[in-house]
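Descriptive structure summary
Given next are the chains, with one letter for each unit.
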Amino acid sequence: MITLISMGEALTLGAITSLHCMGMCGPLALALPANKSASKFRHVIGRLVYNLGRAVTYACMGVFAGVLGKSIQLFDLQNAVSILFGVLLLASLFLSAKHMPPWVIRFFYKPIQQGLGRILKRGSLLGLFQIGLLNGLLPCGMVYAALALASLQTGAVSGAIFMFLFGLGTLPLMFALSLGGLSLRTPKLQPVLNRVIPTVTFLVAVLLILRGLSLNIPFISPPDLSTAGGSCCH
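All chains use their own residue numbering, which begins from 1 and follows the written sequence. The predicted origin of the model limits local features to residues at a pLDDT of at least 70 and limits the giving and counting of side-chain atom pairs to 80 or more, whereas totals for whole chains, interfaces and linings rest on all residues. To obtain the side-chain values, all non-hydrogen atoms of the structure were used and water was disregarded.

Before going further, it helps to examine the pattern of salt bridges. We count a salt bridge whenever a side-chain nitrogen from Lys or Arg sits within 4 Å of a carboxyl oxygen from Asp or Glu. Following the criterion strictly, the structure yields one salt bridge and no others. Across the pair R211 and E9 runs a salt bridge, and its minimum N-O distance is 2.5 Å. Taken together, the residues R211 in helix 9 (residues 190-213) and E9 in helix 1 (residues 4-24) connect sequence positions 202 residues apart. Each member of the pair, R211 together with E9, is buried. Strands here mean DSSP runs of E at least two residues long; helices mean DSSP runs of H or I at least four residues long; both are numbered from the N terminus. Type-normalised accessible area, obtained with a 1.4 Å probe on protein chains alone, sets the label of each residue: buried when under 20%, exposed when over 50%, and partly exposed for intermediate values.

See the structure below:
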């Protein structure tokens with residue numbers, strides 16, 4: 001089962017990631033449909049439902065990450081895979097969207113954008129929830145970093161909880177932004193936002209590599225991930 005330390009990691013990573021989300025998903029959050037006849041309370045609930053939709057999508061992705069992690073544990077490959085994920089995350093720092101295969105953009109990214117375009121015309125709570133669900137599927141390096149950590153959990157439930165908490169970690173800042181917090185997206189913050197994703201990606205990559213190396217560093221690099229049981233990440 002997921003440990004308290006892993007839960008704290010998920011929430012903290014989500015909170016830091018939300019700074020990046022402001023720059024990448026901020027325009028979508030500010031463009032959310034609004035029902036002019038709805039009360040202020042319903043407006044607030046709608047923005048909350050949108051953000052919960054993102055967290056639900058992350059949780060579903062976490063299920064697969066957790067199952068992968070369980071399979072990795074059965075084959076005693078956790079250390080090697082942890083190092084591999086860390087190296088891949090480091091490599092991603094030198095890649096950009098232009099390196100994305102055309103078929104990925106055509107068959108995955110564009111359909112999501114088109115779906116968002118259609119749903120953005122709705123102002124219902126269900127529509128806002130659906131927008132959040134699709135928003136969670138948009139390519140994001142920070143989500144992939146979180147999934148790499150979630151794969152070190154031991155099972156579908158633990159992976160889902162990790163990613164849902166990651167989504168909740170992004171909620172406070174993104175919820176404030178979706179309520180119309182234009183002041184949160186000032187030009188002065190942009191240089192900070194531009195540094196968030198490479199810095200956090202680098203730190204997560206280093207953490208994964210250190211864990212895979214089993215250097216016996218408390219809470220960071222346990223002696224052996226494959227024999228740490230339910231708390232294999234610590």
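One can find T17 in helix 1. Under the relative-accessibility criterion, T17 is labelled buried at 1%. Contact criterion: two residues are considered in contact whenever any of their non-hydrogen atoms come within 4.5 Å of each other. When neighbours within four sequence positions are excluded, T17 is seen to be in contact with M142, F166 and T170.

A few words on the packing of helix 1 against helix 7 (residues 141-150). Think of each axis as a best-fit line through the C-alpha atoms, taken over the contacting stretch in the case of a helix, with angles from 0 to 180 degrees between the N-to-C directions. At a minimum axis distance of 10 Å, the contact between helix 1 and helix 7 shows a crossing angle of 165°. One way to sum up the angle between helix 1 and helix 7 is to call them roughly antiparallel. Of the two elements, helix 1 crosses helix 7, and the hand of that crossing is right-handed. Two secondary-structure elements touch here, helix 1 through L13, T17 and H20 and helix 7 through M142, A146 and L149. Gly falls in the polar group here, along with every residue not listed as nonpolar (Ala, Val, Leu, Ile, Met, Phe, Trp, Tyr, Cys, Pro) or charged (Asp, Glu, Lys, Arg). Residue composition of the contact of helix 1 with helix 7, by class: four nonpolar, two polar and no charged. Each angle receives one of four descriptions, namely roughly parallel if under 35 degrees, roughly antiparallel if over 145, roughly perpendicular if within 65 to 115, and oblique otherwise. Crossing chirality is assigned from the near helix's rotation relative to the far helix, an anticlockwise turn below a right angle marking it left-handed and a clockwise turn marking it right-handed.

A few words on the packing of helix 3 (residues 40-74) against helix 7. Running from N to C, helix 3 and helix 7 cross one another at 40°; their axes reach a closest spacing of 8 Å. Between helix 3 and helix 7, the crossing angle belongs to the class labelled oblique. Helix 3 and helix 7 meet at a crossing whose hand is right-handed. Contacts between helix 3 and helix 7 involve Y58, M61, G62, A65 and G66 from the former and V143, L147 and A150 from the latter. Here the residues of the contact of helix 3 with helix 7 sort into six nonpolar, two polar and no charged.

Turning to the confidence of the model for the chain, a few remarks are in order. Confidence of the predictor in every single residue is expressed as pLDDT, which spans 0 to 100. Of all residues in the chain, 84% have pLDDT values of 70 or greater, and the mean over the chain is 81. Within the chain, helix 5 (residues 102-119) has the poorest average pLDDT of any element, 77, and helix 8 (residues 156-178) the best, 93. Confidence drops under a pLDDT of 50 for residues 227-234, and excluding neighbours within four residues, the segment shows 23 contacts in the predicted structure.

Multiply 1.5 Å by the residue count of a helix minus one, and that product is the helix's expected span. With 15 residues, helix 4 (residues 78-92) ought to run about 21 Å at 1.5 Å a step, and its terminal C-alpha atoms sit 21 Å apart, in line with that. Three or more residues of helix 4 are buried, namely Q78, N79, V81, S82, F85, G86 and L89.

A positive phi angle, near 50°, is found at S214, a position not held by glycine. Tracing the backbone shows S214 in the segment after helix 9.

Glancing now at the environment of I16. Secondary-structure assignment places I16 in helix 1. Assessed through its relative accessible area of 35%, I16 is described here as partly exposed. Remark: the alpha-carbon pair of I16 and F166, spanning 150 residues in sequence, is separated by 9.9 Å. Discounting chain neighbours no more than four positions away, the residues touching I16 are V196 and V200.

By the element assignment, F175 lies in helix 8. For the pair F175 and S18, spaced 157 residues apart in the sequence, the C-alpha separation amounts to 10.0 Å. Here F175 is in contact with V44, R47, L48 and N51, once residues within four sequence places are set aside.

Let us look at helix 1. With 21 residues, helix 1 extends 30 Å between its outermost C-alpha atoms, agreeing within 8% with the 30 Å of an ideal straight helix rising 1.5 Å per residue. Along helix 1, the helix axis deviates most sharply at S18, where the bend reaches about 35°. Residues S6, E9, A10, L13, G14, T17, S18, H20, C21 and M22 constitute the buried set of helix 1. For a residue, the bend is simply the angle between two axes, fitted respectively to the seven-residue segment ending there and the seven-residue segment starting there.

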